[in-house]
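# Breakdown of the fold
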Amino acid sequence: MNMSRGEPRWAVSFTLLLGLIIQVLPLPDWITVVRPSFMALVVVYWSIYAPHAGGIFAPFLAGLALDVFKGNVLGQNALAAITVAYIAMSLHQRLRNQTLVQQSLFVFAVLTLNEFIVWGIEGWSGHSAPAPWRWIQPMVGAMLWPFVALLLGRTHSRS
Amino acid sequence: MAVFGSGSSRIGGGRGPSFGVRFFCYAILSVVLMFYDRSGGWLDTARYGLQAAVYPLQLAVNSPSAAWRWLQESFATREALQKEVDTLRNQLRDQQLITMRQAALQTENATLRGLNGVLPEVIEKRLVGEVINVEVSALRQRLLVNRGGNSGVYRSQPVITGEGVIGQVFRIGPFSSEIILITDAEHALPVQVLRSGVRTIALGTGRSTALELPYVPQNYDVKVGDVLVTSGLGQVFPYGLPVARVTRVERDPAQPLAQIHAVPLAHVDSDREVLFIWERPGHPAAPATAEALAVTPPKTEATQPAAPKPKPKPATKPAAAKPADINPGTPGPEAASPATPNPEKPVPETPPPAAPDPGPSTTEAPAT
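Just so we're clear, the structure is a prediction, and the values are computed from it rather than from any experiment.

Our next topic: the overall build of chain A. Scanning chain A from N- to C-terminus turns up nine helices and zero strands. In terms of overall dimensions, chain A is globule-like: its C-alpha atoms have a radius of gyration of 15 Å, near the 15 Å expected for 159 residues. Here the C-alpha coordinates of chain A stretch approximately 45 × 30 × 30 Å along the principal axes. Residues counted as buried form 47% of the 159 residues belonging to chain A. For chain A, contacts bridging at least 24 residues in sequence account for 72% of all contacts bridging at least 6.

Turning to the overall build of chain B, a few remarks are in order. A tally of helices and strands in chain B yields five helices and twelve strands. Counting contacts in chain B only where the partners sit at least 6 residues apart, residues at least 24 apart contribute 63% of the total.

Attention shifts here to the packing of helix 1 (residues 9–24) of chain A against helix 5 (residues 57–70) of chain A. Residue and element names in this part refer to chain A. At a minimum axis distance of 11 Å, the contact between helix 1 and helix 5 shows a crossing angle of 30°. The angle between the axes of helix 1 and helix 5 places the two elements in the roughly parallel class. The handedness of the crossing between helix 1 and helix 5 is right-handed. Across from Val12, Ser13, Leu16, Leu20, Gln23 and Val24 in helix 1, the residues of helix 5 making contact are Ala58, Ala62, Ala65, Leu66, Phe69 and Lys70. Taken together, the residues of the contact of helix 1 with helix 5 sort by class into nine nonpolar, two polar and one charged.

All right, on to the nonpolar core then. Core analysis: the largest hydrophobic core is formed by 53 residues, its most contacted members being Met39, Val44, Ala81 and Ile82 of chain A. Among the elements of the structure, helix 1, helix 3 (38–49), helix 5, helix 6 (76–90), helix 8 (100–124) and helix 9 (137–153) of chain A together with helix 1 (19–39) and helix 2 (42–74) of chain B are those that each provide at least two residues to this core. Ignoring any residue separated from it by four or fewer positions in sequence, one finds isoleucine 82 of chain A in contact with Ile56, Pro59, Phe60 and Gly63 of chain A together with Phe23, Tyr26 and Ala27 of chain B. In terms of nonpolar packing, the next biggest core, distinct from the first, is built from 47 residues, Ile182, Ala188, Ala262 and Val274 of chain B among them.

Bringing the sheet that holds strand 8 (residues 211–217) of chain B into the picture now. Residues and elements named next belong to chain B. Taken in spatial order, the six strands of this closed barrel run 6-7-8-11-10-9, and their pairing is antiparallel. Along the sheet, successive strands turn relative to each other by an average axial angle of 40°, direction set aside. Of the strand pairs in this sheet, strand 9 (residues 227–230) and strand 10 (residues 242–250) are connected by three bridges, and their pairing is antiparallel. Counterpart to valine 227 in the pairing with strand 10 is arginine 245.

Bringing unusual backbone geometry into the picture now. Residues and elements named next belong to chain B. Although it is not a glycine, serine 156 sits at a positive phi angle of roughly 50°. Overall, the presence of 17 C-beta atoms within 10 Å leaves serine 156 in the partly exposed class. Here the phi dihedral of glutamine 235 falls at roughly 65°; this positive angle occurs in a residue that is not glycine. Mapping glutamine 235 onto the fold places it in the loop between strand 9 and strand 10.

Here we take up the interface of chain A and chain B. Counting residues at the interface gives 43 residues for chain A and 40 residues for chain B. Counting only elements with at least two residues in the side of chain A that touches chain B, the list comes to helix 1, helix 4 (51–54), helix 5, helix 6 and helix 8 of chain A.

End to end, helix 8 of chain A covers 35 Å across 25 residues, agreeing with the expected 36 Å (1.5 Å per residue, within 8%). For helix 8 of chain A, the elements touching its buried residues are helix 3, helix 6, helix 7 (92–96) and helix 9 of chain A together with helix 1 of chain B.

Time to look at the domain arrangement of chain B. Domain annotation of chain B identifies domain 1 (16–100) and domain 2 (120–368). A breakdown of the residues in the side of domain 1 of chain B that touches domain 2 of chain B according to their chemical character gives four nonpolar, three polar and one charged.

All names here are of chain B. If you walk around this closed barrel you meet the six strands as 1-2-5-4-3-12, and the pairing is antiparallel. Neighbour-to-neighbour, the strand axes of this sheet turn through a mean angle of 45°, independent of strand direction. Relative to strand 12 (residues 273–279), strand 3 (residues 158–160) runs antiparallel, the two being bridged by two bridges. In the sheet register, valine 159 faces strand 12, and the bridge partner there is phenylalanine 276. Helix 2 rests against strand 1 (123–136), strand 2 (141–145) and strand 4 (165–172) of the sheet, and its axis sits at about 60° to strand 1.

Residue and element names in this part refer to chain B. With 72% of its residues at a pLDDT of 70 or more, chain B shows a mean pLDDT of 75. The weakest mean pLDDT in chain B belongs to helix 5 (residues 290–294) at 58; the strongest belongs to strand 6 (residues 188–193) at 93. This model gives residues 296–368 a pLDDT under 50, and the stretch forms 141 contacts once residues within four places in sequence are excluded. As a predicted assembly, this complex carries a pTM of 0.70 together with an ipTM value of 0.84.

It is worth spelling out the packing of helix 5 of chain A against helix 2 of chain B at this point. The interhelical angle for the contact between helix 5 of chain A and helix 2 of chain B, taken along N-to-C directions, is 85°, at an axis separation of 9 Å. Taken as axis vectors, helix 5 of chain A and helix 2 of chain B run roughly perpendicular relative to one another. Along its contact with helix 5 of chain A, which presents Ala65, Val68 and Phe69 of chain A, the element helix 2 of chain B presents Leu50, Gln51, Val54, Leu57 and Gln58 of chain B.

It is worth spelling out the pairing of strand 12 of chain B at this point. Strand direction decides the pairing type here: strand 1 of chain B and strand 12 of chain B, joined by seven bridges, are antiparallel. Note on strand 12 of chain B: the bridge partner recorded for leucine 127 of chain B is phenylalanine 276 of chain B.

Before going further, it helps to examine helix 4 (residues 102–113) of chain B. In this model, helix 4 of chain B (twelve residues) spans 16 Å end to end at C-alpha, consistent with the 16 Å of a helix rising 1.5 Å per residue. Positive phi shows up at glycine 114 of chain B, right after helix 4 of chain B, with a value of about 75°.

This brings us to the pairing of strand 1 of chain B. All names here are of chain B. Pairing analysis gives five bridges linking strand 1 to strand 2, with the strands arranged antiparallel. Bridge pairing in strand 2 links valine 131 to valine 145. Taking the residues between adjacent antiparallel strands as the criterion, strand 1 and strand 2 are bridged by four residues.

The next thing to look at is the environment of isoleucine 98 of chain B. Residue and element names in this part refer to chain B. By secondary structure assignment, the location of isoleucine 98 is in helix 3 (residues 78–99). We classify isoleucine 98 as exposed; it has 9 C-beta atoms within 10 Å. Separated by 123 residues in the primary sequence, isoleucine 98 and aspartate 221 have C-alpha atoms spaced 27 Å apart.

What counts and how
- Numbering of residues starts from 1 in each chain and follows the order in which that chain's sequence is written.
- By the order in which they are written, chains take letters starting at A while ligands take numbers starting at 1.
- Reporting of local features is limited, given that this is a predicted model, to residues whose pLDDT is at least 70; pairs of side-chain atoms are given and counted only at 80 or more, and all residues count toward the totals for whole chains, interfaces and linings.
- Numbering goes from the N terminus for both helices and strands, where a helix is a DSSP run of H or I of at least four residues and a strand is a run of E of at least two.
- Between the two quantities, the radius of gyration covers C-alpha atoms and the globule rule is 2.2 Å times the number of residues to the power 0.38.
- Exposed residues have 12 or fewer other C-beta atoms within 10 Å of their own C-beta, buried residues have 20 or more, and residues in between are partly exposed; the C-beta atoms are placed from the backbone.
- Residue pairs qualify as contacts under a 7 Å threshold applied to their C-beta atoms, which are placed from the backbone.
- Helix axes use the C-alpha atoms of the stretch in contact, all axes being lines fitted to C-alpha atoms, and the angles between their N-to-C directions lie in the range 0 to 180 degrees.
- When an angle is under 35 degrees it counts as roughly parallel; over 145 it counts as roughly antiparallel; between 65 and 115 it counts as roughly perpendicular; any other value is oblique.
- Crossings are assigned a handedness: left-handed for a near helix turned anticlockwise from the far helix by less than a right angle, right-handed for a clockwise turn.
- Side-chain classes are defined by residue name, with Ala, Val, Leu, Ile, Met, Phe, Trp, Tyr, Cys and Pro counting as nonpolar, Asp, Glu, Lys and Arg as charged, and the others, Gly among them, as polar.
- Defined on buried residues, the nonpolar core groups Ala, Val, Leu, Ile, Met, Phe, Trp, Tyr and Cys residues joined through C-beta atoms within 7 Å.
- One requirement defines pairing of two strands: DSSP has to find at least two bridges between them.
- Multiplying 1.5 Å by the helix residue count minus one yields the expected span of that helix.
- Note: domain ranges come from an automatic or database domain assignment.
- Each residue carries a pLDDT score, the predictor's confidence in it, ranging from 0 to 100.

Written out as structure tokens, the structure is:
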């Protein structure tokens with residue numbers, strides 16, 4: 001804590017909360033089917049640009065909050081979020097050298113993984129309705145990534 | 001937040017456990033949480049508190065649509081309001097016509113059943129709740145309602161609207177409760193065809209306008225337009241609440257079972273208000289309780305502690321009850337069909353499609 005020199009902790013907490021809210025905001029049906037996991041996008045961003053600000057703990061907490069909020073099995077989104085965070089953190093130095101558009105590919109991959117984990121746990125815990133649209137969501141998320149990243153970039157000073 | 005972000009500048013290096021180790025620990029923690037949450041137990045208590053913690057957030061998230069509705073309502077034109085008043089007035093008149101003879105019919109029913117007095121209504125108490133959030137997706141059909149444990153709402157409490165059954169309480173917090181709709185793909189509801197008395201189970205489909213009845217044999221009497229009511233089995237819903245209307249019956253001679261589709265009478269995705277109901281314990285139409293169903297040899301004394309309030313006193317010997325006798329102490333005679341939120345695949349229930357009467361009759365009464 002004391003050694004955090006300008007780590008954007010508040011920005012991390014605030015934007016994660018915002019991502020959570022956007023993700024659960026009641027919207028028209030046609031939007032909700034393609035709405036990507038905004039929380040995962042925020043998690044990816046902070047894992048790349050400020051891996052020490054939130055660490056693994058912040059994504060875990062945010063995922064847990066999402067689970068409680070949506071009434072899912074506790075730990076479902078938390079597991080997905082920390083997996084995404086971990087992968088992004090391990091590759092963050094390479095990713096920082098890429099352009100936002102190049103990063104989109106990576107974002108697509110991890111969002112798909114995120115969705116896959118959630119889907120798998122849903123299947124395990126007994127929800128097994130087919131929802132083919134959910135595989136579109138990572139693609140939408142990847143397309144939105146440059147904008148999200150630019151917006152989030154304004155919340156802290158990039159080193 | 002972010003207590004664990006250490007000051008080291010390189011991932012995996014420096015002091016403290018590396019990200020990999022931390023990731024591993026949290027992953028294990030999530031998996032443990034999932035297992036415990038699945039099996040219930042102490043996590044339920046934790047969730048009760050967590051529900052309260054996220055409740056303000058849920059309210060906040062819902063506030064834009066609530067504000068929009070409020071705005072719409074406040075700027076409703078006089079004509080629109082007048083129109084609504086007219087509709088409501090018409091509805092009221094129709095309802096009055098329907099209920100006009102109810103008192104007479106109740107007395108008549110009591111006489112037919114050989115009772116000394118009229119049974120009170122099965123619904124003892126009700127509570128109006130306001131819908132905060134609606135989630136209708138293929139995976140989950142849920143409502144969030146602004147009543148919870150503090151208002152006396154309990155788990156698997158029946159929830160209805162003016163039109164019919166809407167669902168049951170799935171999870172409660174102190175100030176809010178989550179309701180699983182009858183159309184949720186995980187929900188199964190024991191129902192009965194009002195006209196013919198056929199009992200079966202209505203499964204949710206994940207679409208808010210459709211129910212399925214997959215366990216009805218080919219030759220059973222179900223027609224398009226039939227009204228389905230709750231059968232009083234399954235320990236949750238009292239007997240006789242309207243549920244759905246049959247919209248399609250497919251009989252394929254090659255299949256042993258007919259495929260029947262129904263549409264819920266309640267508008268599960270658009271209703272803004274719901275009713276929590278408390279049924280009168282021991283009432284013949286009340287859902288059979290678990291302990292009552294578990295009774296092995298029927299005892300001679302008037303049965304449960306949560307015993308009958310209705311006027312007719314329970315017969316002292318329930319087992320020897322005459323066919324026409326009503327015994328409020330002994331609840332619905334059949335074995336419980338699956339308690340609803342557990343998606344066990346239910347066995348097709350095939351009782352004789354004769355008696356819509358939920359009261360015990362001698363043929364079905366537990367053997368002495």
